[in-house]
Amino acid sequence: MTTESERSTTQTQPVEVRNNSEESRFDILVGGVSAGFSMYTDHDEGPSRQRIFYHTVIDEQFDGRGLASVLTRTALRTSVQEGYRLVAVCPYVARWLTTHRDVDDAVDRVRPAHLAAVRRAAQGPADRSSTYRP
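Keep in mind the model is a prediction, meaning the values are calculated, not measured.

Caption draft 1: Seen up close, the packing of aromatic side chains. This model, assessed by the stated rule, comprises three aromatic pairs. Aromatic pair Phe-26 and Tyr-40: ring centres 5.5 Å apart, planes at 50°, arrangement tilted. Residue Phe-26 is found in strand β2 (residues 25–30), and its partner Tyr-40 is found in strand β3 (residues 33–45); the two are separated by 14 residues along the sequence. Judged on exposure class, the residue Phe-26 and its partner Tyr-40 are both buried. Within the aromatic cluster, the residues linked to one another by ring pairs are Phe-26, Tyr-40 and Phe-53. The positively charged end of Arg-25 is found above the aromatic ring belonging to Phe-37, 4.8 Å away from the centroid. When the ring centre of Tyr-40 is taken as reference, the NZ or CZ atom of Arg-51 above it lies at 4.1 Å.

Written out as structure tokens, the structure reads:
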């Protein structure tokens, strides 16, 4: 259990979001410690490059600090800046998009091809213990 003094100490630590492209995810770190991630797979559809977000996790010890929102906002904005259109298969990301309108022009709806791409991505190398398996 986190005490109030621990909570205020960790909330003043720097928060960093990084694109960990080798693992196809954005990582969030608090004070240099991994606090969670948002997994994605890139998908080309015609002339459009899409980034499909399919699983977001914040470690239990970091719950209640708004880190999922910080992670999602940064991951989506970064992806749009890199020229990707966004597809939200992850329930958290899809829900976040209903109340945050800053990337509306870059969002595509989920289609069967996106779900197939997520299944392929989730069946990646067996040694990726943090990979989501639907």
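Caption draft 2: The packing of helix α2 (residues 67–81) against helix α3 (residues 91–99), seen in detail. One way to put it is that α2 packs onto α3 with a least axis distance of 11 Å and a crossing angle of 80°. In terms of their interaxial angle, α2 and α3 are classed as roughly perpendicular. Contacts between α2 and α3 involve Ala-68, Ser-69, Thr-72, Arg-73 and Leu-76 from the first element and Tyr-92, Val-93, Trp-96 and Leu-97 from the second. Residues of the contact of α2 with α3, tallied by class, amount to six nonpolar, two polar and one charged.

Thresholds, definitions, all that
- Residues numbered from 1 in each chain as written.
- Predicted model: local features only at pLDDT ≥ 70, side-chain atom pairs only at ≥ 80, totals over all residues.
- Heavy atoms only, no water.
- Phe/Tyr/Trp six-rings, centres within 6.5 Å; stacked < 30°, edge-to-face > 60°.
- Helix = DSSP H or I, 4+ residues; strand = E, 2+ residues; numbered from the N terminus.
- Buried < 20%, exposed > 50% of the residue type's maximum accessible area, 1.4 Å probe, protein only.
- Lys NZ or Arg CZ within 6 Å of the ring centre and 35° of its normal.
- Axes fitted to C-alpha atoms, helices over the stretch in contact; angles between N-to-C directions.
- Parallel < 35°, antiparallel > 145°, perpendicular 65-115°, else oblique.
- Contact = heavy atoms within 4.5 Å.
- Nonpolar A, V, L, I, M, F, W, Y, C, P; charged D, E, K, R; others polar.

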